[in-house]
Amino acid sequence: MSTPNLGFPTTRLRRLRYNPAVRRLVRETQLAPGDFILPLFVRPGKGERREIASMPGHAQLSPDMIAAEAEEAAKLGLGGIILFGIPEHKDALGSDSYSDDGIVQHGIRAAKAAAPDLLCVTDVCFCEYTDHGHCGVLDRSTGRMDVNNDATLELLAKQAASHARAGADMIAPSGMMDGMVGAIRRGLDAAGFAHVPIVSYAAKYASAFYGPFRDAAESTPQAGDRRGYQMDAAAAAEQAIREVQLDLDEGADIVMVKPALAYLDVIARVRAAFPGVPLAAYNVSGEYSMVKAAAARGWLDERAVALEMLTAIKRAGAGIVLTYWAKDVARWLA
Ligand code: PBG
């Protein structure tokens, strides 16, 4: 005999909401400091802290300042940090990114010395390091600002190995080159880093929400845009599934969807299609800055909105969230 469908007044869902203790009991999505990864921007110098106007509370930091942030992140129990390098000199190939004396390598060493147990991830891409601001080597033969996919792969592998040599615990390729995960995996393995995992920005969209980040990383393309390699927001969500599948086949250990908020459907689809695969989402700069701006005007309650956003991202299926609020959340939850 099947259970009769008892509607109102036998069923009252408000009963689950009346008592705060019951509300807490049935709350399935929980936030913990260890879920969050804090993005940090490394620049050359000593004692340098250059505020990023469009991202209040965030700054470009010299390696010694990165060390202090890493210590704080460890104390707060964060899941880790992810480093982005902003070199003194940019060139056509983004050579600072694969130099063992490069800026991000200095940042990694400083962070690991200050907080050896804190997970240190590095963004592996070229846009912060190239003078043209694109995510790879340019192919000028086509007459448009085109990134040469296959020529970029070799340099990505070189960059990843250099980050690992400096002490990076995990590598996060974000350039959306076809074959990037496989190339990096082979590069890491050959350099003796078979144990270093790859978290791939597998489904990364060409998004206007990256605006403030490009100020922070000084990585706005000099000409053209990133639509030739990042995904189209209007593409079928199944394309994201294909991207994730390919990255897993190439050896990705964790996959990421980016941005997060406008792509919660993609997060949920990827979660459902790949149960058991660790899934991350990037709560990007624009998602942070728009709340900061509204909060500064008294239009939104920053803490409440940020916690609601992060809860939604986790509820959609991302267990790991990269967010500029990472330190704040840890304090809010304490
Ligand atoms: C590329 C990269 C970008 C972000 C992370 N890695 C920018 C881009 O693709 O233009 C954006 C992050 C954010 O907006 O917070 N290296």
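Just above sits the structure.
Owing to the predicted nature of the structure, the values given are computational and were not obtained by experimental measurement.

A word on the packing of aromatic side chains. Applying the stated criterion across every chain yields a total of 9 aromatic pairs. An aromatic cluster is defined as three or more aromatic residues linked by ring pairs; in this entry it consists of F41, F84, Y201, F213, Y282, Y288, Y324 and W325. Just above the ring of Y201 sits the side chain of K204; from NZ or CZ to the centre is 5.3 Å. The cationic tip of K258 hangs over the ring face of Y282; the distance from NZ or CZ to the ring centre is 4.7 Å.

Moving on to the nonpolar core. Residues F41, I81, L83, L188, I267, V270 and Y282 are the most contacted members of the largest nonpolar core, which totals 107 residues. Per element, the largest residue contribution to this core is 7 residues, and it comes from helix α11 (residues 302-316).

Our next topic: the state of the cysteines. One pass over the structure, following the stated rule, counts 0 disulfides. With no disulfide of its own, C120 lies closest to C125 among cysteine sulfurs, the gap being 17 Å. Not engaged in a disulfide, the cysteine C127 finds its nearest cysteine sulfur in C135; these two sulfurs lie 3.9 Å apart.

Taken N-terminus to C-terminus, the directions of helix α10 (residues 285-296) and α11 make an angle of 155 degrees; their axes are 10 Å apart at the nearest point. Classified by the angle their axes make, α10 and α11 are roughly antiparallel. The element α10 and its partner α11 pack so that their crossing is right-handed. Here E287, M290, V291, K292 and A295 of α10 lie close against α11, whose contacting residues are E302, V305 and M309. Residue composition of the contact of α10 with α11, by class: 5 nonpolar, no polar and 3 charged.

The next point concerns the packing of helix α3 (residues 63-75) against helix α4 (residues 103-114). Interhelical geometry of α3 versus α4 gives an angle of 40 degrees and a closest axis separation of 8 Å. Here α3 is positioned oblique relative to α4, judged by the angle of their axes. Handedness of the α3/α4 crossing: right-handed. Along the contact surface, α3 presents P63, I66, A67, A70 and E71, while α4 presents I103, H106, G107, A110, A111 and A114. Broken down by class, the residue content of the contact of α3 with α4 amounts to 8 nonpolar, 2 polar and 1 charged.

Thresholds applied
Residues numbered from 1 in each chain as written. Predicted model: local features only at pLDDT ≥ 70, side-chain atom pairs only at ≥ 80, totals over all residues. Heavy atoms only, no water. Phe/Tyr/Trp six-rings, centres within 6.5 Å; stacked < 30°, edge-to-face > 60°. Lys NZ or Arg CZ within 6 Å of the ring centre and 35° of its normal. Core = buried A, V, L, I, M, F, W, Y, C linked by side-chain atoms within 4.5 Å. Buried < 20%, exposed > 50% of the residue type's maximum accessible area, 1.4 Å probe, protein only. Helix = DSSP H or I, 4+ residues; strand = E, 2+ residues; numbered from the N terminus. Disulfide = S-S within 2.5 Å. Axes fitted to C-alpha atoms, helices over the stretch in contact; angles between N-to-C directions. Parallel < 35°, antiparallel > 145°, perpendicular 65-115°, else oblique. Left-handed = near helix turned anticlockwise from the far one by under 90°. Contact = heavy atoms within 4.5 Å. Nonpolar A, V, L, I, M, F, W, Y, C, P; charged D, E, K, R; others polar.

Scope: geometric values only; no functional claims are made or implied.
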